[in-house]
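Close look at the chain arrangement
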Amino acid sequence: MSRIVYVDGAYVPEEDAKVSVFDRGFLFADGVYEVTSVLGGKLIDFDGHAARLERSLSELDMACPVTMDALLEIHRELVRLNALDDGLVYLQVTRGAAGDRDFEFPDADAVPSTIVLFTQAKPGLADSPKAKTGIKVISIPDIRWGRRDIKTVQLLYPAVGKMMAKKDGCDDAWMVEDGQVTEGTSNNAYIVKGRKIVTRHLSNDILHGITRAAVLRFAREAQMEVEERAFTIDEAQAADEAFITSASTFVMPVVEIDGHPLGDGSPGPVATRLREIYLDESRKSAV
Ligand code: PMP
């Protein structure tokens, strides 16, 4: 059955959903996005994703074509129209189609932004078998641009990084800059030493994960110690545990880094507990 997707104000079957070849998202990766997970037909952390979208747009002087209230309604309507139980809602806003290829930004009053949303069904999203075994990561150099705090659709290097991991029989890659881990290709990275959780501090060097913010809040509420600072691959390999967070993986244990197993090579108690807390709390506040 074909999905119903949202394109510039209309709900249409996916076969009929079209964007111009002159769209700046296509020509220049001049666009931003968000991914919001859906559990039991409800949106997880919607307010955080909406707030980050507004920030990404404003950092790039891009207009938002809809209000945040309207955006919530569009998300809900897509979940309803597609009878989505567990899965994701993907949202992308680009600087529109100016009708020619020109580096200069077009006048926002003359060229409206493009907005597209679609759902992806992921039955059993919260019960991923990987959460029980943990994932393996490799390290790769972080050669992305310097504004990783803006959630742009320039995802070629993260895609290449995932392919490098796959080629090595691993699940993902952690990126390293100046000897320190920045983040995963599509997630934030953490290590655990004793009961202390260490994750890189916020700056323009990493995406300010919405799941990161929630998980750190829950960790502090559970009296776990949190240290926000950079760490090296050597330190990570010597840690007791490691994990990643993102809207689509929640809290996912990491059991191997560059071929080096962590602890006994199975998911650690801190990551396992944080995953439970995050899923419980997020389901409670889902909209
Ligand atoms: N870092 C990067 C580079 C990402 O692409 C993502 C997910 N899009 C994250 C971190 C995690 O962010 P969130 O928890 O908001 O999904």
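Definitions and cut-offs
Residues numbered from 1 in each chain as written. Predicted model: local features only at pLDDT ≥ 70, side-chain atom pairs only at ≥ 80, totals over all residues. Heavy atoms only, no water. Helix = DSSP H or I, 4+ residues; strand = E, 2+ residues; numbered from the N terminus. Buried < 20%, exposed > 50% of the residue type's maximum accessible area, 1.4 Å probe, protein only. Contact = heavy atoms within 4.5 Å. Areas by Shrake-Rupley, 256 points an atom, 1.4 Å probe, with all protein chains shown as cover. Lys, Arg positive; Asp, Glu negative; His and termini not counted. Charge placed at Lys NZ, Arg CZ, Asp CG, Glu CD. Domains from an automatic or database assignment. Buried area = accessible area lost by both parts, 1.4 Å probe. Salt bridge = Lys/Arg side-chain N within 4 Å of Asp/Glu carboxyl O. Polar contact = N/O pair within 3.5 Å; in protein donor to acceptor, adjacent residues only side chain to side chain. Expected span 1.5 Å × (residues − 1). Arc of directions from axis to C-beta. Patch = residues over 30% accessible without salt bridge, like charges linked within 9 Å, V, L, I, M, F, W, Y side chains within 5 Å. Near = heavy atom within 4 Å. Axes fitted to C-alpha atoms, helices over the stretch in contact; angles between N-to-C directions. Parallel < 35°, antiparallel > 145°, perpendicular 65-115°, else oblique. Left-handed = near helix turned anticlockwise from the far one by under 90°. Nonpolar A, V, L, I, M, F, W, Y, C, P; charged D, E, K, R; others polar.

Attention now moves to the overall build of the chain. Tallying secondary structure elements over the chain gives 8 helices and 15 strands in all. Its C-alpha atoms put the chain at 55 × 40 × 35 Å along the principal axes. Burial status across the chain gives 51% buried among its 287 residues. Contacts in the chain between residues far apart in sequence, at least 24 positions, make up 72% of those at least 6 positions apart. Total accessible area computed for the chain in this model is approximately 13400 Å², and 53% of it derives from carbon and sulfur atoms. The positive charge centre, built from 33 side chains, and the negative charge centre, built from 46, are 4 Å apart in the chain.

One can read the domain layout of the chain as domain 1 (4-123) and domain 2 (130-285). On a C-alpha basis, the centroid separation for the pair domain 1 and domain 2 is 26 Å. Opposite the 20 residues of domain 1 that make contact, domain 2 presents 21 residues. Here domain 1 packs against domain 2, burying approximately 1800 Å² in sum over the two surfaces, 63% of which is carbon and sulfur. Together, Tyr33, Leu39 and Arg52 form the three largest contributors to the area buried by domain 1 at its contact with domain 2, with a combined 32%. On inspection of domain 1 and its partner domain 2, the count reaches 2 salt bridges. Linking domain 1 with domain 2 are 8 residue pairs in polar contact (both at pLDDT 80 or more). Going through the elements one at a time, β3 (31-39), α2 (46-59) and β5 (87-94) are the ones with two or more residues in the side of domain 1 that touches domain 2.

The next thing to look at is α2. For an α-helix the count is 3.6 residues per turn, leaving residues at separations of three or four pointing the same way. For α2, built from 14 residues, the straight-helix expectation of 20 Å at 1.5 Å per residue is met to within 8% by its first-to-last C-alpha distance of 20 Å. Within α2, burial applies to Phe46, His49, Ala50, Arg52, Leu53, Ser56 and Leu57. All buried residues of α2 lie within an arc of 165 degrees about the axis, which places them on one face of the element. Elements in contact with the buried residues of α2: β3, β4 (42-43), α3 (68-81), β5 and α6 (210-221). Count one or two residues on from α2 and you reach Asp61, which has phi positive near 50 degrees.

Looking now at a nonpolar patch on the surface. Together, Val21, Phe22 and Phe26 line one region of the surface with nonpolar side chains, adding up to about 330 Å² of accessible area. Summarising the element assignment, Phe22 is placed in the loop between β2 (10-13) and α1 (24-28). Overall, Phe22 belongs to the partly exposed group, its relative accessible area being 37%.

Around the ligand, 18 residues are found, and the nearest of them are Arg52, Lys151, Glu183, Ile210 and Thr211. In the model, a nitrogen atom of the ligand is placed 2.6 Å from a nitrogen or oxygen of the Glu183 side chain. Burial of the ligand by the surrounding chains reaches 93%, relative to a free accessible area of 390 Å². Put simply, the parts of the chain that give the shell around the ligand at least two residues each are α2, β9 (180-184), α6 and β13 (241-246).

So, about the packing of α2 against α3. Angle between the axes and distance between the axes are the two parameters that describe a pair of packed helices. Running from N to C, α2 and α3 point in directions that differ by 130 degrees, and their axes come no closer than 11 Å. As far as their axial angle goes, α3 and α2 are oblique. For the pair α2 and α3, the sense of crossing is right-handed. Contacts between α2 and α3 involve Phe46, Ala50, Leu53 and Glu54 from the former and Met68, Leu71, Leu72 and His75 from the latter. A breakdown of the residues in the contact of α2 with α3 according to their chemical character gives 6 nonpolar, 1 polar and 1 charged.

With that settled, the discussion passes to the side chain of His49. Along the chain, His49 falls in helix α2. With relative accessibility at 4%, the residue His49 sits in the buried group. Each residue touching His49, except ones within four places of it in the same chain, is listed here: Glu34, Val35, Thr36, Ile44, Ile210 and Ala247.

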